Amino acid sequence: MQTTKIFGTDGVRGVANVEPVTAETALKLGRAAAHVFMRLNPRTIPEGTRPKIVLGKDTRLSGYMLENAMVAGITSLGVDVLLIGPLPTPGVAYITRSLRADAGIVLSASHNPYEDNGIKFFRHDGYKLDDQVEQEIERLVFTGEIESIRPTAGKIGRAKRIDDALGRYVEFAKRSFPRGMSLEEMHVAVDAANGAAYKSTPCILRELGAKLTLGHNQPDGTNINMQCGSTYPQEIQRIVKESGARVGITHDGDADRVLLCDEKGELVDGDEILAIAAMDLLKSGRLQQNTVVATVMSNFGLDETMTSAGGKVVRTKVGDRYVIEEMLQRDFNLGGEQSGHMIFRDFSTTGDGIVSALQILRIMHETGEPLSKLKSCLKKYPQAQRNLKVKSKPPIEELGEVVKLRDEIEKELAGKGRVLLRYSGTEPKIRLLIEGREFDQIDKHANRMADAIQQAIGAN
């Protein structure tokens, strides 16, 4: 391994069995993480007991390889592993808290195709790691500083399966829905992306009384996110139209995201979900400081909707971890991303697709309004987006022609729109978003920008 940077915006991610997502690096990461979490843990561990780490995964074939390597690494440092199998990322965060473990680890590449995989970490309280902790884990992987720490005999850790993890998570998610309320009579369509929520989401909705039409809930290790799930939303639109469901729910591979589909078969994105939830919390006086946290990608219409209702929007960098950081620092209770990561901090420590969906189902139930009517609270500015493959990622400000064009377009939009350009933290891509009042105008601008980017750093 030449590099000394393996963490991206959401843990470690890449093609499975290619560095850094190999069994060898997973083993080293397991050792480094075990060492760091033993020192970080605020609880004093009684003599004779071992610290423990929860390990969950999604449904990718490569999960077996990485799981075994992580177990070997963690147990070799004298730490126990609690294996919970396929469970949504928020489920792993919850089980970590529930079992009073020292940390949680998820093996998942979220919305990426099945050949990718990744490793994400949670602290003992179910929140994602700070950058400094990730850097310390990274440092230990590369320096070999802990090579000599080799407990022997009875001090080696052990791994055991936790059989009731799914049931625990189902009960946890159901608690976010009012006790006296039922989803009887509500027909819900679900696209589980052949991912980590293939059992949990249908189970939760059934136990709350919903009538279900299910799609993509039969993972085989290679079909996760394959023409399904929240990155392929036309699928949930099709299922809703064909089944006549009142609402559709679609997850990504690890189910920390959700996008919805209304009864007309129209998509409801993260900004609309945020707006519906924020309006509901504002009305009942439960939106902390009347503020919702969004990222720079969120539609400007969200600011206008919030302002007109007496609330406001605080924006962060792209990435749910930055949204959560802001929420924790300033004690806000609602935040999220356009992509469908929603954090309802009253219920969860991380983005949770089914908990987010349940909040909207509750609002539909309480108001008697269809989702198409509820989402009309957000008047969105048109957005033109392009995701372009790149062969390298030099600092954007060094791309002369691209920067010149960006500044020209911003000038032309004159405060009635914006241009956002950023590299993906998980893929070799650059993401372009132009927002303005007129779609035709910004679409042309987006094409010009895309051409300039293609010439500067485009991949074939």
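Within any chain, residue numbers begin from 1 and follow the written order of that chain's sequence. Note on the predicted model: pLDDT of at least 70 is required for a residue's local features to be given, and 80 or more for side-chain atom pairs to be given and counted; whole-chain, interface and lining totals, by contrast, use all residues. With hydrogens and water set aside, each side-chain value is computed from the structure's full complement of heavy atoms.

Examining the pattern of salt bridges
We count a salt bridge whenever a side-chain nitrogen from Lys or Arg sits within 4 Å of a carboxyl oxygen from Asp or Glu. With the rule as written, the count across this model stands at 44 salt bridges. Salt-bridge contacts for Arg123 lead to Asp125; the nearest nitrogen and oxygen are separated by 2.8 Å. Only protein chains enter the area calculation, which uses a 1.4 Å probe; residues under 20% of their type maximum are buried, those over 50% are exposed, and those in between are partly exposed. With a relative accessible area of 23%, Arg123 lands in the partly exposed category. Asp125 gets classed as partly exposed once you look at its relative accessible area, which sits at 23%. Put simply, Asp407 and Arg406 hold a salt bridge, and the shortest N to O gap is 3.3 Å. Residue classification places Asp407 among the partly exposed positions, given a relative accessible area of 40%. On the basis of relative accessibility, which here comes to 15%, the residue Arg406 falls in the buried class.

Notes on the state of the cysteines
Cysteine sulfur atoms are paired as a disulfide whenever they come within 2.5 Å of each other. Tallying each qualifying case throughout the model produces 0 disulfides. The structure places no disulfide on Cys228, whose sulfur is separated from the nearest cysteine sulfur, that of Cys261, by 15 Å.

Some words on empty space enclosed by the protein
The distinction between a cavity and a pocket rests on a 1 Å grid over the protein atoms alone: a 1.4 Å probe fits inside a cavity but cannot get out, while a pocket stays open yet meets protein on both sides within 12 Å along at least five of seven lines, and a residue with an atom within 4 Å of a point counts as lining. Grid points are joined across faces, edges and corners, and a volume is the space filled by probe spheres set on the points. All chains considered together, the criterion is met by 2 cavities of 30 Å³ or more. Taken together, Thr9, Asp10, Gly11, Lys120, Phe121, Lys128, Leu129, Glu134 and Arg321 make up the full set of residues lining the largest cavity. Residues that form the lining of the largest cavity fall into these classes: 2 nonpolar, 2 polar and 5 charged. By volume, the second largest cavity amounts to about 30 Å³. Three residue categories are used. Nonpolar comprises Ala, Val, Leu, Ile, Met, Phe, Trp, Tyr, Cys and Pro, charged comprises Asp, Glu, Lys and Arg, and polar comprises the others, including Gly. Considering only residue class, the lining of the second largest cavity consists of 6 nonpolar, no polar and 2 charged.

Section: the sheet that holds strand β9 (residues 211–215)
Within the open sheet, the 5 strands sit side by side as β9-β8-β10-β11-β12. Their pairing is mixed. Every interior strand has two partners, whereas the edge strands, β9 and β12 (267–268), have only one. In terms of strand pairing, strand β8 (residues 187–191) meets β9 through 5 bridges, oriented parallel. Following the sheet pairing, Val188 is matched in β9 by Leu212. Every residue pair with non-hydrogen atoms within 4.5 Å of one another is taken to be in contact. Here the axes come from fitting lines to C-alpha atoms, over the contacting stretch only for helices, and the angles between their N-to-C directions go from 0 to 180 degrees. Secondary structure elements are defined from DSSP: runs of H or I of at least 4 residues count as helices, runs of E of at least 2 residues count as strands, and each element is numbered from the N terminus. Across the sheet, helix α7 (residues 234–243) lies against β8, β9, β10 (247–251), β11 (258–261) and β12, angled at about 150° from β8, the strand it touches most. Set on the sheet, helix α11 (residues 353–367) makes contact with β10 and β11; between it and β10 the angle comes to about 165°. The criterion for strand pairing is that DSSP finds at least two bridges linking the strands in question.

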